[in-house]
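Notes for the structure review
Chain by chain, the residues run as shown.
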Amino acid sequence: MTVLSHAVGTPLDRLDGPDKVRGTATYAFEHPLDRPASLYPLQATIAAGHVTGIDAAAAHAEPGVLAVLTHHNAPRLAWADDAELAVLQTDEIAYRGQIVGAVIAETPEIARHAAHLVRLDCAERAHDVELRSDRDDLYKPQHAALFGQGGGDLMDGSPADSAMGEVEAALTAAEVTLDATYTTPMNFHNPMEPHTAVAVWNDDELTVYCSTQGVTMSRDLLAAVLGLEPQRVHVVSPHVGGAFGSKVYCHAYAVLAAMAAQFVRRPVKFALTRRQMFSLVGYRPATIQRIRLGADTRGHLTAIAHDVIAQTAKAKGYAEQVAVCTRVMYAAPHRRTTHRLAPLDLPVPTIMRAPGDAEGMFALESAMDEMAAACGLDPVEFRIRNEPAVDPETGRSFSSRHLVACLRDGARRFGWQGRNVFPRARRDRGWLVGTGVAASTYPSPRFPGNVTTIRVGPDGHFTVLIAAADLGTGTWTALTQIAADALGVTVDDVELRIGDGELPRASPAGSSSGINSWGTSIVETARRLRALLEFQHGGVVPQQGLEATADMPDNPDAARYAMHSFGAQFAEVRVHADTGEVRVPRLLGVFDAGRVINPKTCRSQLLGGMTMGLSMALHEQGVVDPRFGHVVNQDFAEYHIASNADVGSIEAYWVDTEDPYTNPMGAKGVGEVCIVGTAAAIANAVHHATGIRVRDLPITLDKLLQ
């Protein structure tokens, strides 16, 4: 065996980059098949009710149409408990855009044309799509689950509510107080690669090529819904063109593709249009957040209350952990957080990058900015003054927490010193100029269900097998680097295989857990393989080769430490004094993410997350028409996303540390902490520029022309 290669920490080019540049990296829709049919869905045009009649005669008469699937003739599913996956099992309509039928045809053009020939008659009932704080049907999420599939679950396993001390009494007694409400709208993922499923049956075995963040979980869900043994379902997804959480769960389109292929006894391809993705693959739910803070005159927080109302779907409960970030951020002896859900006749929400924390930290960090001003303190100093020594909720030590270092280093790099504390003090040729800061946090967990096999051949070449996913984030490269160091060889000596459900199982890519979980499994397996080689063969690879398989070991430190990534975001904004136009010429972030596996791909993730945060702050808003119960801006012409013209200078840095407790690599998550806090930093900068406090995202010019 050779000495350690020290691949981890090297800014290695993406190993899959050449294939992507040449166009040879195969995405879901591109897998070659013999005579595939195409599917186009029929979608409900009412928000609540049921289908009363279907006339598909004209569609059937079209040349090239193979079948029209409805709830009358669709295959029955073995498991229909999940309302989102139980497609075409009933005549009930739970939201506008729900799949109520499908046309299968020889070409996508024929399928789409024929779908518009099907006549659907529906009986409409009164619908309710308005999120308000005065609703009388708000309810508390009852259960918690990791990557759960419904039931109103808080995603990260946290309880819905938390309380310490006497919050109301402390707020009443506080010398300085804040009571403010912040809102965030529905946001939509819109990855470059649309959601796709290509289904192929071979006797009673199913292969699905789909864009998914987790082939193992998608396989298990499809198997359960279709009533198959998991080993009879093969999910393949070696490359994913973006996801941001929308491809963690298996959605109805994958089930429908499998049903259609079974029905016509041919492979079926189904790729959603951009417009269809607004109703069929989830979104970030809207929130109403009331934050109350109390402090003494020296700027020490005495009380924190964060009460959240978020939308969910009547069809299937989903809750985000919006106030959970508040439980770990700042020291205060009296604290409370609550979550309540408003069930609406809208599509089912889902995970979106930094779920919960992205919305929660916009509210909390905006409130912290307001409170700093009320206390007469610099916003950076106010945050540092309220830095906790341990996790405020649990009393556990942090595995590592370098937020103060991020704030101080970011302030130095940004040129924060000497900032005029008064709003509307700086003007440049008709533009009001301001700067703002916000903190970031996101959990850095490991999830169970990760197994790796490593094989070494007589030539000393290693093959690493695990059903991990690469969403375009650099997993192919980072895991190869981890494996090379763990095996004590060079990157060229390692071949990684991921993205296939027939490989050893893996948890999905989500919640900044991927590298933590998969990398830990790889390191453990490499340790066992090296032990086999050393003790059984004296370090010499036998002629027949050798392999080892290992589960990801439990983390003995998980119960002793709170494990989170942190960061500090700084923003400069320019607001035109006459038009209210907002520009962001500069963003800067400094992050505490443990040991960085690949600086090049890490920086790419940080820049992308900060850009998404800018987009969240200034542009993104799903506008619901209450009359008809649907999002009206379902395309890129009207649902605005930040483009190159919106992004000025973005700088991303990190503190050079390792976390000794999260995993054997010393790493923490980077993919989500970078979006958290960006919107608040921009909102705080807008206030500094204009004197106007915008508490409702996005920050559009109508809110500034006061």
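Everything here concerns the structure above.
The following paragraphs examine the structure supplied in this document. (Residues numbered from 1 in each chain as written. Predicted model: local features only at pLDDT ≥ 70, side-chain atom pairs only at ≥ 80, totals over all residues. Heavy atoms only, no water.)

Brief notes about the overall build of the protein
Per the secondary structure count, the protein includes 15 helices and 28 strands. A compact globule built from 706 residues would reach a C-alpha radius of gyration of about 27 Å, and the protein, at 26 Å, matches this within 12%. For the C-alpha atoms alone, the extent of the protein along its principal axes is close to 75 × 75 × 50 Å. Residues classed as buried in the protein amount to 62% of the 706 residues present. Intrachain contacts of the protein at a sequence separation of at least 6 include 81% that bridge at least 24 residues. When the accessible area of the protein is evaluated, it comes to approximately 26200 Å², of which 50% is carbon and sulfur surface. Side-chain charges of the protein comprise 62 positive and 80 negative groups, with the mean position of each set lying 4 Å from the other. (Helix = DSSP H or I, 4+ residues; strand = E, 2+ residues; numbered from the N terminus. Rg over C-alpha atoms; globule rule 2.2 N^0.38 Å. Buried < 20%, exposed > 50% of the residue type's maximum accessible area, 1.4 Å probe, protein only. Contact = heavy atoms within 4.5 Å. Areas by Shrake-Rupley, 256 points an atom, 1.4 Å probe, with all protein chains shown as cover. Lys, Arg positive; Asp, Glu negative; His and termini not counted. Charge placed at Lys NZ, Arg CZ, Asp CG, Glu CD.)

Quick notes on the nonpolar core
Core analysis: the largest hydrophobic core is formed by 92 residues, its most contacted members being Ile 104, Leu 206, Leu 256 and Leu 529. Counting residues per element, this core draws most heavily on helix α6 (residues 252-264), at eleven residues. With sequence-adjacent residues up to four places away left out, Leu 256 is seen in contact with Leu 39, Leu 69, Val 87, Leu 88, Ile 99, Ala 102 and Phe 270. Formed by 88 residues, the second largest nonpolar core is a distinct cluster that contains Leu 178, Leu 377, Ala 571 and Cys 602. (Core = buried A, V, L, I, M, F, W, Y, C linked by side-chain atoms within 4.5 Å.)

Some details on the side chain of His 564
With respect to the secondary-structure elements, His 564 resides in strand β24 (residues 564-576). Take His 564: its relative accessible area is 11%, and that puts it in the buried class.

So, helix α11 (residues 403-414)
A rise of 1.5 Å per residue sets the reference length of α11, with its twelve residues, at 16 Å; its end C-alpha atoms lie 16 Å apart and thus fit the reference within 8%. Taken together, the buried positions of α11 are occupied by Leu 403, Cys 406, Leu 407, Asp 409, Gly 410, Ala 411 and Phe 414. Two residues or fewer past α11, Gly 415 is found with a positive phi of approximately 80°. (Expected span 1.5 Å × (residues − 1).)

Regarding the packing of aromatic side chains
Working definition: an aromatic ring pair is given by the centre-to-centre distance plus the angle between the planes. Summed over all chains, the structure comprises eleven aromatic pairs. Note on Tyr 561 and Tyr 661: the rings are 3.9 Å apart at their centroids and 15° apart in plane angle, and the pair reads as stacked. With Tyr 561 in strand β23 (residues 561-562) and Tyr 661 in the loop between β28 (649-654) and α15 (678-690), this residue pair connects regions lying 100 residues apart in the sequence. An aromatic cluster is defined as three or more aromatic residues linked by ring pairs; in this entry it consists of Phe 188, Phe 278, Tyr 283 and Tyr 639. Above the ring of Phe 29, the side-chain terminus of Lys 269 is found at 4.7 Å from the ring centroid. For Arg 401, the ring lying beneath its charged end belongs to Phe 398, and the centroid distance is 4.8 Å. (Phe/Tyr/Trp six-rings, centres within 6.5 Å; stacked < 30°, edge-to-face > 60°. Lys NZ or Arg CZ within 6 Å of the ring centre and 35° of its normal.)

Remarks on the pattern of salt bridges
Counted by the stated rule, this structure contains 46 salt bridges. For Glu 92, the salt bridge identified is with Arg 125, shortest N-O distance 3.3 Å. Taken as a pair, Glu 92 in strand β4 (residues 92-93) and Arg 125 in the loop between β6 (119-124) and β7 (162-164) lie far apart in primary sequence, 33 residues in all. The class of Glu 92 is partly exposed, set by a relative accessible area of 36%. We note a salt bridge from Arg 574 to Asp 428, for which the minimum N-O separation is 3.0 Å. Placement of Arg 574 in strand β24 and of Asp 428 in strand β17 (residues 427-428) is noted, with a sequence separation of 146 residues between them. Residue Arg 574 is classed as buried on the basis of its relative accessible area of 17%. (Salt bridge = Lys/Arg side-chain N within 4 Å of Asp/Glu carboxyl O.)

Points about the sheet that holds β24
Spatially, the five strands line up as an open sheet ordered β17-β18-β24-β25-β28, and their pairing is mixed. The open sheet terminates on both sides in strands that have one partner only, identified here as β17 and β28. Bridge analysis of β24 against strand β25 (residues 582-592) gives nine bridges, and the strand direction is antiparallel. Bridging across to β25, Ala 571 finds its partner in Leu 587. Lying over the sheet, helix α14 (residues 599-618) contacts β24, β25 and β28, oriented at roughly 130° with respect to β28. (Pairing = 2+ DSSP bridges. Axes fitted to C-alpha atoms, helices over the stretch in contact; angles between N-to-C directions.)

Some points on the packing of helix α12 (residues 475-487) against helix α13 (residues 514-537)
Running from amino to carboxyl end, α12 crosses α13 at an angle of 30°, the nearest separation of the two axes being 9 Å. Comparing their axes, α13 and α12 come out roughly parallel. As α12 packs across α13, the resulting crossing turns out to be right-handed. Here Thr 475, Ala 478, Leu 479, Ile 482, Ala 483, Asp 485, Ala 486 and Leu 487 of α12 lie close against α13, whose contacting residues are Ile 515, Trp 518, Gly 519, Ile 522, Val 523, Ala 526, Leu 529 and Arg 530. Of the residues contributing to the contact of α12 with α13, the split by class is twelve nonpolar, two polar and two charged. (Parallel < 35°, antiparallel > 145°, perpendicular 65-115°, else oblique. Left-handed = near helix turned anticlockwise from the far one by under 90°. Nonpolar A, V, L, I, M, F, W, Y, C, P; charged D, E, K, R; others polar.)

With respect to the sheet that holds strand β10 (residues 205-210)
With respect to topology, seven strands assemble into an open sheet ordered β3-β5-β1-β12-β9-β10-β11, the strand pairing being mixed. In this open sheet, the two edge strands, each paired with only one partner strand, are β3 (65-69) and β11 (233-236). Averaged over all adjacent pairs, the angle separating strand axes in this sheet is 20°, with direction ignored. The pairing of β3 with strand β5 (residues 99-105) spans four bridges and is classified as antiparallel. Looking across to β5, one finds that Val 68 is bridged to Val 103. With respect to the sheet, α6 is in contact with β1 (37-43), β3, β5, β9 (196-202), β10 and β12 (268-271), its orientation differing from that of β9 by roughly 35°.

The analysis is restricted to geometry; functional conclusions fall outside its scope.
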